[in-house]
Amino acid sequence: MTDVQKGKIYQSLSGFYDIVLNGKTFRTRARGNFRKHQIKPLVGDWVEFTAPNQHEGYVLKVLPRFNELVRPPIANTDQAFVVTSAVEPDFSASLLDKELVALEREHIQPILVFTKVDLLSETVKPHFLQIVKNYQQLVGYPTIIATDPEADTQLLSRLIDKQTVVMGQTGAGKSTLLNHLDPELNLTTGEISQALSRGKHTTRKVSLVTINGGVVADTPGFSSFETMDIQPTELKNYYPDFVRVAVNCKFRECVHINEPDCAVKQGVKNGTILTSRYEDYVDQYQTIKAQKPVYRRKRGN
């Protein structure tokens, strides 16, 4: 029998899993009982596998994950470049906040990367730059404007020894950004459909590529992002700007909606918490509360 080896899944496509070990790629399939036990290997998984050669092998076991994203489907991610365009498609604070909730839930560090800022008119640009500043100073996330001269250096330095997912709305410029950081990738990019204000889905699979000593996932874009299986009372925990002041709320289990003496609502009033963030939170809270229970699917470990 071939020795059992340990490697990382770099690509999943049509039932095949490409595992990288010591610079070599092994094409494998999952064991037959995976489906029976509802185990689905994901890109980013560390797995045990056996392979007599690089073209035919089997994944024997998915090792425990420290996190998992559903959209994009990827495991064991350290950080995310959340690529958000200023225009084409237009900036959506609501979409951005939903993405950030998904990342906070899985303890993934977001880095906000704003693209197409150079396409803004001189009258609109100062307002947008204030939004960027607010996410950095009031919410507390690192922000990078992709067109700034030092942007490449900042992004490349963050990749070293990390697994990074690049996520964002269709057409926001994810593949363009990665091509800029590593021109040898030559990833396909697409024009924005003016009629639909949506991009063509040029990235159709999730796969890892190596850039500057780290692994990076270029992922399919999307035009909407739904909140997943989160309990209404949990949601507040994924807004770090709320968590920082919530200790000052009158009620320990305050959900920052109707309760009196709420420090979060006071923060909105005095300008230390973004009104748009709070409104997005209330919308998400009400949506989750209104929906039927969604039971967490079995994880593949």
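Shown above is the structure to which this text applies.
Residues numbered from 1 in each chain as written. Predicted model: local features only at pLDDT ≥ 70, side-chain atom pairs only at ≥ 80, totals over all residues. Heavy atoms only, no water.

S.K.: How would you summarise the environment of Arg277 if you had to cite specific residues and measurements?
M.R.: Among the secondary structure elements, Arg277 is positioned in helix 8 (residues 275–290). Residues Arg277 and Tyr239 lie 38 residues apart in sequence; the distance between their C-alpha atoms is 8.8 Å. (Helix = DSSP H or I, 4+ residues; strand = E, 2+ residues; numbered from the N terminus.)

S.K.: I'd like a description of helix 3 (residues 125–139), backed by residues and values.
M.R.: Counting along an α-helix, one turn takes 3.6 residues, and residues three or four places apart therefore face a common direction. Relative to the 21 Å expected for 15 residues at 1.5 Å per residue, helix 3 spans 20 Å between its end C-alpha atoms, a close match to the ideal helical length. The sharpest bend along helix 3 reaches about 25° and sits at Lys133. Buried residues in helix 3 make contact with helix 2 (93–105), strand 9 (109–115), strand 10 (143–145), helix 6 (240–246) and helix 8. Looking at the residues trailing helix 3, positive phi occurs at Gly140, about 105°. (Expected span 1.5 Å × (residues − 1). Bend = angle between axes of the 7 residues up to and from the residue. Contact = heavy atoms within 4.5 Å.)

S.K.: Can you break down unusual backbone geometry residue by residue, with the values?
M.R.: A negative phi angle characterises most non-glycine residues, just as the trans form characterises most peptide bonds. Here the amide bond leading from Glu88 into Pro89 is cis, since omega sits at 0°, within 30 degrees of zero. In this fold, Pro89 is placed in the loop between strand 8 (79–85) and helix 2. Although it is not a glycine, Asn76 adopts a positive phi angle of roughly 60°. Along the chain, Asn76 falls in the loop between strand 7 (74–75) and strand 8. Note on Asn76: relative accessible area 4%, which makes it buried. With phi around 60°, Asp161 is a residue other than glycine that occupies positive phi space. (Buried < 20%, exposed > 50% of the residue type's maximum accessible area, 1.4 Å probe, protein only.)

S.K.: An account of the packing of aromatic side chains is requested, with residue identities and associated values reported.
M.R.: Think of a pair of aromatic rings as described by two things: how far the centres are apart, and how the planes are tilted against each other in angle. Enumeration over the complete set of coordinates arrives at 9 aromatic pairs. Aromatic pair Phe91 and Phe128: ring centres 5.4 Å apart, planes at 85°, arrangement edge-to-face. Separated by 37 residues along the polypeptide, Phe91 in the loop between strand 8 and helix 2 and Phe128 in helix 3 bring together distant segments of the chain. Ring geometry for Tyr278 against Tyr281: centres 6.3 Å apart, planes inclined by 35°, an arrangement best described as tilted. Of this pair, Tyr278 and Tyr281 both sit in helix 8, 3 residues apart, which is roughly one turn of the helix. For Tyr278, a relative accessible area of 13% gives the class buried. Judged by its relative accessible area of 0%, Tyr281 is buried. Following the ring pairs from residue to residue traces out a cluster consisting of Tyr239, Phe242, Tyr278, Tyr281 and Tyr285. One Lys or Arg, Lys6, reaches over the ring of Trp46 and ends 5.5 Å from the middle of that ring. (Phe/Tyr/Trp six-rings, centres within 6.5 Å; stacked < 30°, edge-to-face > 60°. Lys NZ or Arg CZ within 6 Å of the ring centre and 35° of its normal.)

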